[in-house]
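# Secondary and tertiary structure notes
Below are the chains, spelled out letter by letter.
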Amino acid sequence: MDYDIIIPHRLLDAVTGAAFDRENEAGAWALFSTASIKRDPVTSRARRRFILVEIVPFGARDIVSSSPKHLTVKTASFISILKRSGDSDLMPGFLHGHPSGYAAFSTRDDENESALSLAAKNRNGVEGEFVSLLALPGEQLMARVWNEANTVHPAPVTITGPLLRLMGRPRDRKKTGHDLDRQTRVFGEEFNEALSGLRVLIVGAGGTGSPLAIMLARAGLRQPLIIDPDVVEETNLHRLHGSIAGDIGCPKADVLANHINSLGLGTDVIGIQGNILDPAHRDLMSSVDLIFCCTDDHAGRLLLNRFAYFYEIPVIDIGLAIEKSDTRIRDMTGRVSLLYPGAACLLCRNIVDPVRAREEDLSQRDPEAYAKQQEEGYIVGGGDPEPAFISMTTSVATMAIEEMIQMLVEFRHQDRPLTQRLRRFQVPEDRRTGARIDPECPICGEFNSWGAGDVTPFLDRVS
Ligand SMILES: [Zn+2]
Ligand SMILES: [Zn+2]
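Heads up: these notes are all about the structure in this document. (Residues numbered from 1 in each chain as written. Chains lettered and ligands numbered in written order. Predicted model: local features only at pLDDT ≥ 70, side-chain atom pairs only at ≥ 80, totals over all residues.)

The next point concerns the pairing of strand 16 (residues 270-273). Sheet topology note: the strand 15 (residues 225-228)/strand 16 ladder contains four bridges and is parallel. Paired with D228 across the strands is Q273, a residue of strand 16. In this fold, strand 15 hands off to helix 7 (residues 252-261), which returns the chain to strand 16; that crossover is right-handed. (Pairing = 2+ DSSP bridges. Helix = DSSP H or I, 4+ residues; strand = E, 2+ residues; numbered from the N terminus. Right-handed = clockwise from strand over helix to strand, strands pointing away.)

Written as structure tokens, this is what we have:
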């Protein structure tokens, strides 16, 4: 079993604020939701993911003593956290800081945490884990998990939200198979390293997904996962990067994966022919750090839209809308939207049509019922394919990659996180657009769903 920890960026101030008390060690209790990955598609191993939901400060009398080198807390104050954990599906945890910068758990940490973990098992039962977070100066975090058997395992930490920081990942000794000198001169070795360790899912291997995946691989992304239900058709060849006439009839995801793997970049892409709506693919979504939504269907978009908020895995949603009258192009807009708790979701932005999404969902789950409703005239969507052109689909893929770079290394100087960018090809100009969260929105307005992790039914959706 592997473990990893997600820290939503919006909670980072609470984490660092609680971890240091001037020069002395300080700390807090923490509560985590969980996500279980049965089989990680890259490692083939099971993984438990812990998503930080809340930092609970110590009470005034909880600290027995503290110094720059130690922190002793009354175990009694842990009981209220165990009660909350026992009453919910949240796992208990402990956060403390090493203001000295000592980047390891001490033997005293081992003793304290082992005792806390045992106390948790005694009260709440042995199935639960106990998470320990260690904060170092400079917003560096380390973590480990005490499992059911009370043995301890290191756990990489990922800070997610408008930015992405990967910490404590095992170093990949196998270097990228090509020289990244020119891009290193732009973004530095730090960017190359982050990108090589980043786990990305690309949903859709079409006009936007294909250039996106190829560019990411060339930039040094090692193991992207690509999922698409369709096969290459003759009408795709004028838009799909990396495909040839001989690929007609082959799954788009395989064609793209094979193309990238043949480039000699040291990339190991996994292509999956399938629909993201299929429950069989949940591990694909919950095992990654970042998802690119390059699909043009509403149901897939709506699912990923919800997923970003429940699992604290940012989604970069990409779209191209071309509106034509008989004689001229009225509007031609490329769009990149960032989805994470704190940003307005696609429903609040009026980007997904829930009616179309329901129809597409039905056609996937129950084709017979869908055909019947279509016959009876109840289906509004599913007409002609949307217009598209290769330079525009490639352009929005490029915009999406720029947002990923911003998340990893913040190359742009901006006062607040950008959550949506529009490229209006017919004007021509780029715009950043604000959007308001509807407080009643069941996805982005509902704090309860933020970082909820695994719930039943999945994503709290009643179909
Ligand atoms: Zn310590
Ligand atoms: Zn919303």
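That shown, we press on.
Spatial ordering of the open sheet is given by 16-15-14-17-18-19-20-21, a layout of eight strands whose pairing is mixed. Edge strands, defined here as strands with exactly one partner in the open sheet, are strand 16 and strand 21 (429-432). Going across the sheet, the axis of each strand differs from the next one's by a mean of 15 degrees, ignoring polarity. As defined by bridge partners, strand 19 (residues 329-339) adjoins strand 20 (residues 420-424) across five bridges and the pair is classed as antiparallel. Of the residues in strand 20, the one forming a bridge with S337 is Q420. Contacts from helix 9 (residues 298-311) reach strand 14 (200-203), strand 17 (290-293), strand 18 (315-324) and strand 19 within the one sheet, and its direction differs from that of strand 18 by about 145 degrees. Across the sheet, helix 12 (residues 390-409) is in contact with strand 17, strand 18, strand 19 and strand 20; its angle to strand 19 comes to roughly 25 degrees. (Axes fitted to C-alpha atoms, helices over the stretch in contact; angles between N-to-C directions. Contact = placed C-beta atoms within 7 Å.)

Attention shifts here to the sheet that holds strand 1 (residues 2-8). With respect to topology, nine strands assemble into an open sheet ordered 11-10-9-8-4-5-1-12-13, the strand pairing being mixed. Each edge of the sheet is formed by a strand with only one pairing partner; in this case those strands are strand 11 (152-154) and strand 13 (165-167). For this sheet the average axis-to-axis angle between neighbouring strands, irrespective of direction, equals 30 degrees. Direction of pairing for strand 10 (residues 140-146) relative to strand 11: antiparallel, over a ladder of three bridges. Each bridged residue has a counterpart across the sheet, and for W146 the counterpart in strand 11 is V152.

Within the secondary structure, I248 is located in the loop between strand 15 and helix 7. Spatially, the C-alpha atoms of I248 and R39 are 31 Å apart, while their sequence positions differ by 209 residues. Sequence-distant contacts of I248, that is, excluding residues within four places in its chain, are made with V232, E233 and E234.

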